Amino acid sequence: QVQLAESGGGLVQPGGSLSLSCTASGSIFTINRMGWYRQAPGKQRELVAIFTSGGNIQYGDSVKGRCTISRDNAMNTVYLQMNSLKPEDTAVYYCHALGYDSTRQVYDNWGQGTQVTVSS
């Protein structure tokens, strides 16, 4: 079993900054993709930022230039720094990881989500 534990989130004023982190634990053999998605009320889940296979980074169009994803491979942790936050960034942010566990089975897991609210 592979678990994802998210931290961060909360209430921030427009123009402010926020950091999220996500740590994967359990029977991990590889982490091939790991990063963040978000879902606002009434909207589909969308990509925020993710490390893909080979270490490339993808950012969602709505956050490009305002978000930075980084990682600590030794700790199986990814971080998301969000700046210049807007009310439309309000959403539940979900960590996602995909890879192989210690039995060489694919896992494709989501965290429980953390609420980010941008409001004055």
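Scroll up a little and you will see the structure.
Everything quoted here is computed from the prediction, not taken from an experiment. (Residues numbered from 1 in each chain as written. Predicted model: local features only at pLDDT ≥ 70, side-chain atom pairs only at ≥ 80, totals over all residues. Heavy atoms only, no water.)

> Sorry, what's going on with unusual backbone geometry here?
Trans is the prevailing form of peptide bonds, just as negative phi is the prevailing case for residues other than glycine. Phi is positive for N76, close to 50°, though the residue is something other than glycine. In this fold, N76 is placed in the loop between β7 (67–72) and β8 (77–82). Not every positive phi belongs to a glycine, and S84 is a case in point at roughly 50°. Tracing the backbone through its elements, the reader meets S84 in the loop between β8 and β9 (91–101). (Helix = DSSP H or I, 4+ residues; strand = E, 2+ residues; numbered from the N terminus.)

> Just to check I follow, could you spell out the nonpolar core for this structure?
Most often, soluble globular proteins have nonpolar side chains that are buried together. By size, the foremost hydrophobic cluster in this structure holds 27 residues, and its most contacted members are M34, W36, V48, L80, M82 and Y93. Among the secondary structure elements, those contributing two or more residues to this core are β1 (2–8), β3 (18–26), β4 (28–39), β5 (46–51), β7, β8, β9 and β11 (114–118). Discounting chain neighbours no more than four positions away, the residues touching L80 are L18, S19, L20, W36, V48, A49, C67, T68, I69 and Y93. (Core = buried A, V, L, I, M, F, W, Y, C linked by side-chain atoms within 4.5 Å. Buried < 20%, exposed > 50% of the residue type's maximum accessible area, 1.4 Å probe, protein only. Contact = heavy atoms within 4.5 Å.)

> Teacher, can you tell me more about a nonpolar patch on the surface here?
The grouping of F29, Y100 and V106 at the surface amounts to a nonpolar patch, some 300 Å² of accessible area in total. Turning to its location among the elements, Y100 is positioned in strand β9. On the basis of relative accessible area, Y100 is assigned to the partly exposed category, the value being 37%. (Patch = residues over 30% accessible without salt bridge, like charges linked within 9 Å, V, L, I, M, F, W, Y side chains within 5 Å. Areas by Shrake-Rupley, 256 points an atom, 1.4 Å probe, with all protein chains shown as cover. Salt bridge = Lys/Arg side-chain N within 4 Å of Asp/Glu carboxyl O.)

All we've got here are geometric facts, nothing functional implied.
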